[in-house]
Amino acid sequence: MKPISAVILALTLTLTMAACSNNSASNESAPTAAPQTEATTAPQAETALNPEEAAWPLDTSPVDLTWFVGANWYAHSWGESLASKYVTEKTGVNIKLEVPSGEANEQITLMMTSGKLPDLISMGSWETAVKKLWEGDHVYALNELADQYDPYFFKVAGDGTLKWYRQENGNTYGVPNDSYSPNLMHETGMTAANQTFLVRKDLYEEMGSPDLSTPEGFLSALQLLKDKYPEYKGQPISPFFAQGNVPYGMSEYLQNLLAVPHEKDGKVYDRVTDPDYLTWLKTFRTAYERGLINVDFLVDSDTQVEEKTNNARYFMMIREWTGMSAVNPMLASGANPDSYYIAVDGPQNSKGDSAKLFPGNMDGWMVTMISKSTEHPERAIRFLTYLASEEGQRDLFLGKEGETWDTEGGKPQLKTEFVDMLGANIEQLEKEYGILDTYWMMRNPVIVNQWRPEKAPVIKQMEDFANAQADIDSGIYKGLDPLGDSDVAVSWSRISQNWEEVMPELITAKDEAAFDKIFESFLSRRDSYGFQQVMEYRQTELDARKAKMAE
């Protein structure tokens with residue numbers, strides 16, 4: 001494993017951006033005023049700020065910060081696990097985690113209206129609310145807070161990442177987790193690709209490992225499943241599941257399996273109208289017409305999906321393999337040890353091309369921001385600096401030295417009992433100890449992956465499959481859609497919402513003629529909503545991203 005500093009340097013140099021000093025990075029492009037400090041209670045020791053040293057040890061008095069995590073499925077708490085207690089004891093920062101009861105965008109937008117936001121906010125980098133938070137002046141510019149309270153932030157946050165997220169006014173408002181550069185992925189082989197096509201191993205192999213890559217093979221396999229394996233443990237088998245239904249599984253993920261291009265001849269491509277994609281949507285329609293699939297994958301609640309997944313009731317799924325990292329070991333250790341899921345070739349295009357799965361990217365997964373509602377901006381930026389540092393990454397990922405990990409050969413090594421617990425009882429690992437991926441909001445894979453235990457075979461098969469089919473250079477295409485409150489963003493929102501409404505109509509259309517009529521009607525409405533402006537926005541954004549990568 002490379003020294004951490006070298007790996008971070010590789011990430012930093014990914015964009016081939018010239019290095020610049022911490023303060024100059026912000027001074028060159030920070031036309032806005034420094035943040036207001038009236039509400040803060042800065043300690044006297046702040047006069048001793050050193051850009052080469054973390055500032056959090058200057059004040060470790062107890063302080064409570066609320067942290068909104070924009071994922072309604074996130075079920076962890078702070079203060080009960082070993083890792084979170086250790087971090088609080090060390091830094092003085094106690095976290096109250098908040099998750100949305102419903103849709104994260106709606107909840108955070110409501111909070112913006114009320115003018116009262118949590119201290120820290122983590123939202124998906126693609127979420128509309130992120131842009132609203134930035135444009136609405138609801139969150140601090142991190143570079144400005146760092147200049148004032150903790151210049152060490154620039155040293156650990158990653159110059160390339162901060163520049164990637166820098167806005168036209170020169171400020172950076174969020175720091176991402178799980179940010180990957182193309183160079184890093186090429187160098188390490190770790191692509192962070194997690195979209196896969198999964199099948200239940202025992203059924204798939206008992207059926208003779210049928211070809212699922214063509215419409216004909218796909219339909220034949222579904223027919224065989226219906227005829228010979230309609231039930232499992234007295235419960236009906238659900239033939240198919242697509243994660244996120246229309247927004248992800250049946251749109252972007254399926255298009256990636258079909259290797260539908262993102263651009264042609266330098267121009268952004270309209271992937272929804274791709275002939276291979278439409279052929280497969282019609283294949284799903286045929287499957288529904290023949291009674292081989294039902295619409296449960298379009299209407300099931302998260303709870304129903306979880307129940308079916310945990311009981312191996314799906315036959316095949318378009319799904320992120322990471323979502324199965326806890327389930328597969330559980331299934332493999334159960335009464336039917338071959339009922340876990342494996343990644344296989346799923347639907348392919350008419351040329352038989354391999355999938356081009358979406359990899360990690362500079363955008364990362366979620367971006368974390370500091371709201372202007374906080375009464376402790378100095379503690380908030382210092383806490384983020386600590387979490388972004390190697391020390392903070394180690395404390396949250398591995399826990400406390402001597403209790404959950406030891407130094408062996410000069411390197412931190414998770415104790416064997418916790419490696420075993422990862423495969424046997426990940427819920428206990430996360431609840432009682434809070435290590436590894438429990439608190440992923442500021443996770444930097446470049447740092448933590450060197451400490452990550454070898455995955456169990458039932459997980460590694462899926463990961464290896466995704467890595468092998470990752471389209472590493474396609475990360476630049478993430479985030480091209482307009483977000484926020486602009487007219488073009490509203491247009492895209494209307495189009496997206498209408499597509500989600502149209503998809504069930506397409507799948508349940510009585511015949512192909514009806515399918516074509518519904519689809520053409522959608523295209524017409526799409527144009528009236530402003531699709532041309534959306535495409536122009538995407539093109540401008542893509543050109544800008546290419547220019548930024550080339551700097």
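Residues numbered from 1 in each chain as written. Predicted model: local features only at pLDDT ≥ 70, side-chain atom pairs only at ≥ 80, totals over all residues. Heavy atoms only, no water.

Peer 1: Before we move on, could you go through the overall build of the protein chain and cite the residues and values that matter?
Peer 2: Looking only at helices and strands, the protein chain features 25 helices and 15 strands. Taken over the C-alpha trace, the protein chain has a radius of gyration of 24 Å; the compact-globule value for 551 residues is 24 Å, and the two agree within 12%. Projected onto its principal axes, the C-alpha coordinates of the protein chain cover approximately 75 × 55 × 45 Å. The buried share among the 551 residues of the protein chain stands at 56%. Within the protein chain, residue pairs in contact and separated by at least 24 positions form 78% of the contacts whose partners lie at least 6 positions apart. If you sum the accessible surface of the protein chain, you get close to 23500 Å²; carbon and sulfur atoms cover 49% of it. When the 48 positive and 82 negative side-chain charges of the protein chain are each reduced to one mean point, those points stand 3 Å apart. (Helix = DSSP H or I, 4+ residues; strand = E, 2+ residues; numbered from the N terminus. Rg over C-alpha atoms; globule rule 2.2 N^0.38 Å. Buried < 20%, exposed > 50% of the residue type's maximum accessible area, 1.4 Å probe, protein only. Contact = heavy atoms within 4.5 Å. Areas by Shrake-Rupley, 256 points an atom, 1.4 Å probe, with all protein chains shown as cover. Lys, Arg positive; Asp, Glu negative; His and termini not counted. Charge placed at Lys NZ, Arg CZ, Asp CG, Glu CD.)

Peer 1: Outline the confidence of the model for the protein chain, supporting the account with residue identities and numerical values.
Peer 2: Averaged over all residues, the pLDDT of the protein chain equals 88, while 91% of them reach at least 70. In this model residues 1-46 is a low-confidence stretch, pLDDT under 50, and it forms 82 contacts with partners more than four residues away in sequence or in other chains. (pLDDT = per-residue confidence, 0-100.)

Peer 1: Which residues make up the sheet that holds strand β8 (residues 238-242), and what are the values?
Peer 2: Strands sit in the order β8-β11-β5-β12 across an open sheet of four strands; the sheet is mixed. In this open sheet, the two edge strands, each paired with only one partner strand, are β8 and β12 (341-343). Each neighbouring strand pair of the sheet contributes to a mean axis angle of 20°, computed without reference to strand direction. For strand β5 (residues 195-200) and strand β11 (residues 314-320), the ladder comprises five bridges, and the chain directions are antiparallel. Paired with Val199 across the bridge in β11 is Met316. The sheet strands contacting helix α11 (residues 215-228) are β5, β8 and β11, and the helix crosses β11 at an angle near 135°. (Pairing = 2+ DSSP bridges. Axes fitted to C-alpha atoms, helices over the stretch in contact; angles between N-to-C directions.)

Peer 1: Report on the nonpolar core, specifying residues and quantitative values.
Peer 2: By size, the foremost hydrophobic cluster in this structure holds 85 residues, and its most contacted members are Phe197, Phe240, Met250, Leu281 and Trp499. Counting residues per element, this core draws most heavily on helix α23 (residues 487-507), at eight residues. When residues no more than four places from it in sequence are discounted, the contact partners of Trp499 are Val246, Ser251, Val272, Tyr277, Leu281, Leu506, Phe519 and Phe522. In terms of nonpolar packing, the next biggest core, distinct from the first, is built from 54 residues, Phe154, Leu162, Val175 and Leu396 among them. (Core = buried A, V, L, I, M, F, W, Y, C linked by side-chain atoms within 4.5 Å.)

Peer 1: Go over the packing of aromatic side chains, please, and point to the residues and values.
Peer 2: Inspection of the entire model under this criterion finds 22 aromatic pairs. Between Trp67 and Phe383, the aromatic rings sit 6.5 Å apart at their centres with planes inclined by 80°, giving edge-to-face as the arrangement. Residue Trp67 is found in strand β1 (residues 63-69), and its partner Phe383 is found in helix α17 (residues 377-388); the two are separated by 316 residues along the sequence. This pair shows no difference in class: Trp67 is buried, exactly as Phe383 is. A ring pair is formed by Trp73 and Trp365, whose centres lie 6.2 Å apart and whose planes are at 5°; its orientation type is stacked. With Trp73 in the loop between β1 and α3 (82-91) and Trp365 in the loop between β12 and β13 (366-370), this pair connects stretches of sequence that are 292 residues apart. Of the aromatic side chains, those joined through ring pairs into one cluster are Trp56, Trp67, Trp78, Phe383, Tyr386 and Tyr439. Over the aromatic face of Phe531 sits the side chain of Arg526, whose NZ or CZ is 3.5 Å from the ring centroid. Stacked on the ring of Trp492, the Lys or Arg Arg538 has its end atom at 4.5 Å from the ring centre. (Phe/Tyr/Trp six-rings, centres within 6.5 Å; stacked < 30°, edge-to-face > 60°. Lys NZ or Arg CZ within 6 Å of the ring centre and 35° of its normal.)

Peer 1: Summarise the environment of Tyr439; cite the residues concerned and give the values.
Peer 2: Residue position: Tyr439 is located in the loop between α20 (426-433) and α21 (445-448). On the basis of relative accessibility, which here comes to 7%, the residue Tyr439 falls in the buried class. Counting along the chain gives 365 residues from Tyr439 to Tyr74, while the straight-line C-alpha distance between them is 9.8 Å. Not counting chain neighbours up to four residues away, the residues in contact with Tyr439 comprise Tyr74, His76, Ser77, Trp78, Ser81, Ser84, Leu97, Leu396 and Gly434. A polar contact is formed between the side chain of Tyr439 and the backbone oxygen of Ser77, at a distance of 2.6 Å. A polar contact is formed between the side chain of Tyr439 and the side chain of Ser81, at a distance of 2.8 Å. (Polar contact = N/O pair within 3.5 Å; in protein donor to acceptor, adjacent residues only side chain to side chain.)

Peer 1: Can you explain the pairing of β13? Please cite residues and give values.
Peer 2: Most of β13 is tucked away: five of the five residues are buried. Every second residue of β13 is oriented toward a common face, with Met366, Thr368 and Ile370 on one face and Val367 and Met369 on the other, all of them buried. Pairing of strand β3 (residues 120-124) with β13 involves five bridges; the strand directions are antiparallel. Looking across to β13, one finds that Gly124 is bridged to Met366. Note: strand β4 (residues 175-176) against β13, two bridges, orientation antiparallel. Each bridged residue has a counterpart across the sheet, and for Val175 the counterpart in β13 is Thr368.

Peer 1: So what's going on with the environment of Leu219? Which residues, and what values?
Peer 2: Mapped onto the secondary structure, Leu219 falls in helix α11. C-alpha of Leu219 to C-alpha of Leu292: the two residues are 73 residues apart in sequence and 7.9 Å apart in space. Those residues in contact with Leu219 that lie beyond four places of it in its chain are Thr283, Thr286, Ala287, Arg290 and Leu292.

Peer 1: So what about helix α6 (residues 142-149)? Which residues, and what values?
Peer 2: With six of eight residues buried, α6 lies mostly within the body of the structure. Among all positions in α6, only Leu142, Asn143, Glu144, Leu145, Ala146 and Tyr149 are buried.

Peer 1: Any chance you could break down the sheet that holds β13 for me, citing the residues and the numbers?
Peer 2: Sheet architecture is open: five strands sit in the order β2-β1-β3-β13-β4, paired in mixed fashion. A strand with exactly one partner marks an edge of an open sheet, and here the two such strands are β2 (93-98) and β4.

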